[in-house]
Amino acid sequence: MNIVVLVKQVPDTYSERKLTDSDHTLDRDASDAVIDEINERSVEAALQLKEAHDGEVTVVCVGPARATEAIRKALSMGADKAVHLSDEALHGSDAVQTAKVLASVINTVEGFDLVVAGNEASDGRTGAVPAMVAEVLGLPALTHAKELAVEGTTVTVTRGTDDGITKLTAELPALVSVGEKLNEPRYPSFKGIMAAKKKPVTSLTLADAGIDPSEVGLANALSSVTEASPKPPKSGGEKIEDEGDGGDKIAAYLVGQKII
């Protein structure tokens, strides 16, 4: 079973995250960069399927040169190889452009059976890229999986919603996006970290992937940020002096905030 797992490098959520003043795109130098936590769960899901069915796990990543750090983390967990597309022309690409680029890179992996992705990146937070990738590839999309299984040529996921539990099935090849409740990612062993240094990473440019630069980048994006400002500091709460009418004042405040 050949599995492609999508990996993204994002700003560490414990670091300051901000946009650049010039074009309001992500300031990648303003914070530490790490593999997205949800992608660690994606890698873990792919590795568990590989262990159950044999095969190979290929990491696919689109991002700047420093994204190799995230790729190596996935390889140290146990993935077999990686494909990394890095090109300055990608700067400022939106979700639709990203989905098309990812689909092109995935198509360079011969004979894949399943694509595994996180349901939502912690920086963009669109939650739509996996489904869009599936649409471009012409694959069924089984999203927000909390359980994942493959039997023969059939993939089954369990999705938890406010309305209950939903089970989805599809024939391979397919794309699955996973949620944070799916698993607990393994820690890379020292042996895995050392082995990752020797695993193959194919580096691509837009030209290598057959992508026209006029189809990507901020100037060609369907959506962009036009204005941004820092989050204001927290202000002090409203203090209510109880002079016998404290309950009425609290109730009036809650009504004013449309809480009750």
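Here is a short report on the structure shown in this document. What you see is a predicted model; the values in this text were computed from it and never measured. (Residues numbered from 1 in each chain as written. Predicted model: local features only at pLDDT ≥ 70, side-chain atom pairs only at ≥ 80, totals over all residues. Heavy atoms only, no water.)

Within the protein chain, the secondary structure is distributed over six helices and twelve strands. In terms of overall dimensions, the protein chain has C-alpha extents of about 75 × 45 × 40 Å along its principal axes. The burial tally for the protein chain puts 38% of its 260 residues in the buried class. Of the roughly 14800 Å² of accessible surface on the protein chain, 49% is carried by carbon and sulfur atoms. Charged side chains in the protein chain number 26 positive and 41 negative. The centres of these two groups are separated by 5 Å. (Helix = DSSP H or I, 4+ residues; strand = E, 2+ residues; numbered from the N terminus. Buried < 20%, exposed > 50% of the residue type's maximum accessible area, 1.4 Å probe, protein only. Areas by Shrake-Rupley, 256 points an atom, 1.4 Å probe, with all protein chains shown as cover. Lys, Arg positive; Asp, Glu negative; His and termini not counted. Charge placed at Lys NZ, Arg CZ, Asp CG, Glu CD.)

It is worth spelling out the layout of surface pockets at this point. By volume, the second largest pocket is sized at about 560 Å³. Secondary structure elements with two or more residues in the lining of the second largest pocket: β2 (9-11), β3 (33-35), α1 (37-53), β7 (141-145) and β9 (154-161). Per-element accounting of the lining of the second largest pocket gives the leading share, three residues, to α1. (1 Å grid on protein atoms, 1.4 Å probe; cavity = no way out; pocket = protein on both sides within 12 Å on 5 of 7 lines; lining within 4 Å. Points joined across faces, edges and corners; volume = space filled by probe spheres on them.)

On the basis of which strands lie adjacent, the open sheet formed by three strands has the order β8-β9-β10 and antiparallel pairing. What marks the edges here is a single partner per strand, and that holds for β8 (147-151) and β10 (164-171). When the angles between neighbouring strand axes are averaged without regard to direction, this sheet yields 20°. Both β9 and β10 contribute to a ladder of eight bridges, which runs antiparallel. Across the sheet, V157 pairs through a bridge with L168, a residue of β10. (Pairing = 2+ DSSP bridges. Axes fitted to C-alpha atoms, helices over the stretch in contact; angles between N-to-C directions.)

Turning our eyes to something else, we now look at unusual backbone geometry. Here the residue pair L172 and P173 is connected by a cis peptide bond, since its omega of 5° sits within 30 degrees of zero. Here P173 lies in the loop between β10 and β11 (174-178). The backbone of D54 shows a phi angle near 65°, a positive value even though the residue is not glycine. Within the secondary structure layout, D54 lies in the loop between α1 and β4 (56-62). Located in the positive-phi region is H144, a residue other than glycine, with phi close to 55°. Residue H144 is classed as partly exposed on the basis of its relative accessible area of 38%.

In the structure shown here, the tally under the stated rule is one cavity of 30 Å³ or more. Volume-wise, the largest cavity comes out at about 60 Å³. Forming the boundary of the largest cavity are Q9, V10, P11, L26, R28, S31, D32, A33 and R66. It is β2 that provides the largest number of residues to the lining of the largest cavity, a total of three residues. Of the residues in the lining of the largest cavity, the class split is four nonpolar, two polar and three charged. (Nonpolar A, V, L, I, M, F, W, Y, C, P; charged D, E, K, R; others polar.)

This part is about the pattern of salt bridges. All told, the structure shown has nine salt bridges when counted by the stated rule. In this structure, K8 and D123 form a salt bridge, with 2.9 Å as the shortest nitrogen-oxygen distance. On the criterion of sequence distance, the pair formed by K8 in the loop between β1 (2-7) and β2 and D123 in the loop between β6 (114-118) and α4 (129-137) is long-range, its members being 115 residues apart. On the basis of relative accessible area, K8 is assigned to the partly exposed category, the value being 30%. A relative accessible area of 24% places D123 in the partly exposed class. Salt-bridge contacts for D80 lead to K50; the nearest nitrogen and oxygen are separated by 2.8 Å. Of this pair, D80 sits in the loop between α2 (68-77) and β5 (81-85) while K50 sits in helix α1, and the two are 30 residues apart along the sequence. Given the relative accessible area of 22%, D80 is considered partly exposed. Linked through salt bridges whose partners overlap, the residues forming this network are E37, R41 and E184. (Salt bridge = Lys/Arg side-chain N within 4 Å of Asp/Glu carboxyl O.)

The strand order across the open sheet built from seven strands is β7-β11-β6-β1-β4-β5-β12, with neighbouring strands paired in parallel fashion. The sheet terminates laterally at β7 and β12 (201-204), the two strands that pair on one side only. Each adjacent strand pair in this sheet contributes to an overall mean axis angle of 20°, direction not counted. With five bridges connecting them, β6 and β11 associate as parallel partners.

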